[in-house]
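Here is what each chain is made of, one letter per residue.
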Amino acid sequence: MIPSGHLLLPSPLEKIIHPVAEDKGIELLVKRDDLIHPEISGNKYRKLHYNLAQAELLKKETVLTFGGAFSNHIAATASACALAGIKSTGIIRGEEADLENPTLKRARENGMIIHPITRERYDQKEEPLFHEELREQFGNIYIIPEGGKNYYGVNGCIEILQEVKEEFDLVCCAVGTGTTISGLSIALNEQQRIIGFPAIKGGEYLLEEVKSLLHWSLFDKEWVESIVKKISLQCDFHFGGFAKSNPELMEFISDFESITGIPLDKVYTGKMMFGLMEMIRNGSIAGGTRILIYHSGGLQGN
Ligand SMILES: *Cc1c(COP(=O)(O)O)cnc(C)c1O
């Protein structure tokens, strides 16, 4: 476990004033999971929490996981394992990955063994046979899927809204693997809705991913259907694809920080906030709505 003295939990909830929302009588609350820890920020903490508990329970020597060369999940896993006193190994996509880039350099400083592999091999990351080979090579390992996308990851994300006592009608979050939005959506009441903003191009397929994550977690078709009805994905705010950006997005992020004091990252939360402000401006969100914005962190990537 990560010693709790290192973590800011429950994470702060902050009411912000933004002219775009003020005009429409829309209330904005930000759940600041970016403040939980400088390196184990946001939803990565949530997704690692029960996975690390399980690794310890099973007396695993090493946590092994997968990610790209700039992955927030790799950064968070390295740091969390260092604090929890368990070894970590990162399988990195692409043999050409630069071990000196800030993310991988810091991960190595946190004791992570960095192991770059070819993209073809990386594509096998969910194959049982590949996992067998990894176990032979690395020994007594606990494997966490890329992005912390498993049952324990979803479970950790359920706790985000359990910490919120204030009332709200709508949740907004960024979407990568769909793990976070799955956990958030399980914790909604009958009236509440959630909008997810995929950080990749063509993110429409992610609703199916969310459905299967919900099925694995809940194993109840009716329950899953009732949850899926509360979810919508806004797939038009990807800015060209994963980790792509443009001057308009960068300017928005910088303006948003000047107005509210809240920093955003350009891969996930910047795109979500841009999309949300656009929806408020063009009237897609009803006046008077109380919105809970989930700040999933990601600032290590900036
Ligand atoms: C990883 C990440 C996400 C994506 O979360 P998923 O659970 O994979 O959908 C969103 N925001 C930030 C800041 C992230 O680092």
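Here, every reference points to the structure presented above.
In what follows, the accompanying structure is described. Owing to the predicted nature of the structure, the values given are computational and were not obtained by experimental measurement.

This paragraph deals with helix α10 (residues 221-228). Along α10, the residues that are buried comprise Val224, Ile227 and Val228. Considered in projection along α10, the buried side chains sweep an arc of 100 degrees and stay on one side of the axis. Where α10 is buried, its residues meet α8 (179-186), α9 (206-218) and β9 (231-233). The backbone nitrogen of Glu222 lies 3.2 Å from a side-chain oxygen of the residue at the head of α10, namely Asp220.

Strands sit in the order β1-β2-β10-β7-β8-β9 across an open sheet of 6 strands; the sheet is mixed. In the strand order of this sheet, the two ends are held by β1 (13-16) and β9, each with one partner. Averaged over all pairs of adjacent strands, the angle between their axes in this sheet comes to 25 degrees, without regard to strand direction. Bridge count for strand β2 (residues 27-32) against strand β10 (residues 290-295) is 6 bridges, and the pairing is parallel. From the neighbouring strand, Arg32 faces β10, where its bridge partner is His295.

The next point concerns empty space enclosed by the protein. Across all of its chains, the model carries 1 cavity of 30 Å³ or more by this definition. Its boundaries defined by the atoms lining it, the largest cavity holds a volume of some 30 Å³. Pro38, Glu39, Ser41, Lys44, Asn72, Ala76 and Gln300 are the residues that line the largest cavity. Broken down by class, the residue content of the lining of the largest cavity amounts to 2 nonpolar, 3 polar and 2 charged.

So, on to the site of the ligand. Every one of the 15 residues lining the ligand counts as a neighbour, but Lys44, Asn72, Thr177, Thr180 and Ser296 are closest to it. Lys44 places a polar side-chain atom, nitrogen or oxygen, 2.7 Å from an oxygen atom of the ligand. One of the side-chain N or O atoms of Thr177 is found 2.6 Å from an oxygen atom in the ligand. With 3 residues, helix α2 (residues 42-57) is the largest single contributor of residues to the shell around the ligand. Residues belonging to the shell around the ligand are distributed by class as follows: 3 nonpolar, 10 polar and 2 charged. Both domains that meet at the shell around the ligand, namely domain 1 (4-37 + 152-301) and domain 2 (42-148), each give it at least three residues.

About the thresholds
Residues numbered from 1 in each chain as written. Predicted model: local features only at pLDDT ≥ 70, side-chain atom pairs only at ≥ 80, totals over all residues. Heavy atoms only, no water. Buried < 20%, exposed > 50% of the residue type's maximum accessible area, 1.4 Å probe, protein only. Helix = DSSP H or I, 4+ residues; strand = E, 2+ residues; numbered from the N terminus. Arc of directions from axis to C-beta. Contact = heavy atoms within 4.5 Å. Polar contact = N/O pair within 3.5 Å; in protein donor to acceptor, adjacent residues only side chain to side chain. Pairing = 2+ DSSP bridges. Axes fitted to C-alpha atoms, helices over the stretch in contact; angles between N-to-C directions. 1 Å grid on protein atoms, 1.4 Å probe; cavity = no way out; pocket = protein on both sides within 12 Å on 5 of 7 lines; lining within 4 Å. Points joined across faces, edges and corners; volume = space filled by probe spheres on them. Nonpolar A, V, L, I, M, F, W, Y, C, P; charged D, E, K, R; others polar. Near = heavy atom within 4 Å. Domains from an automatic or database assignment.

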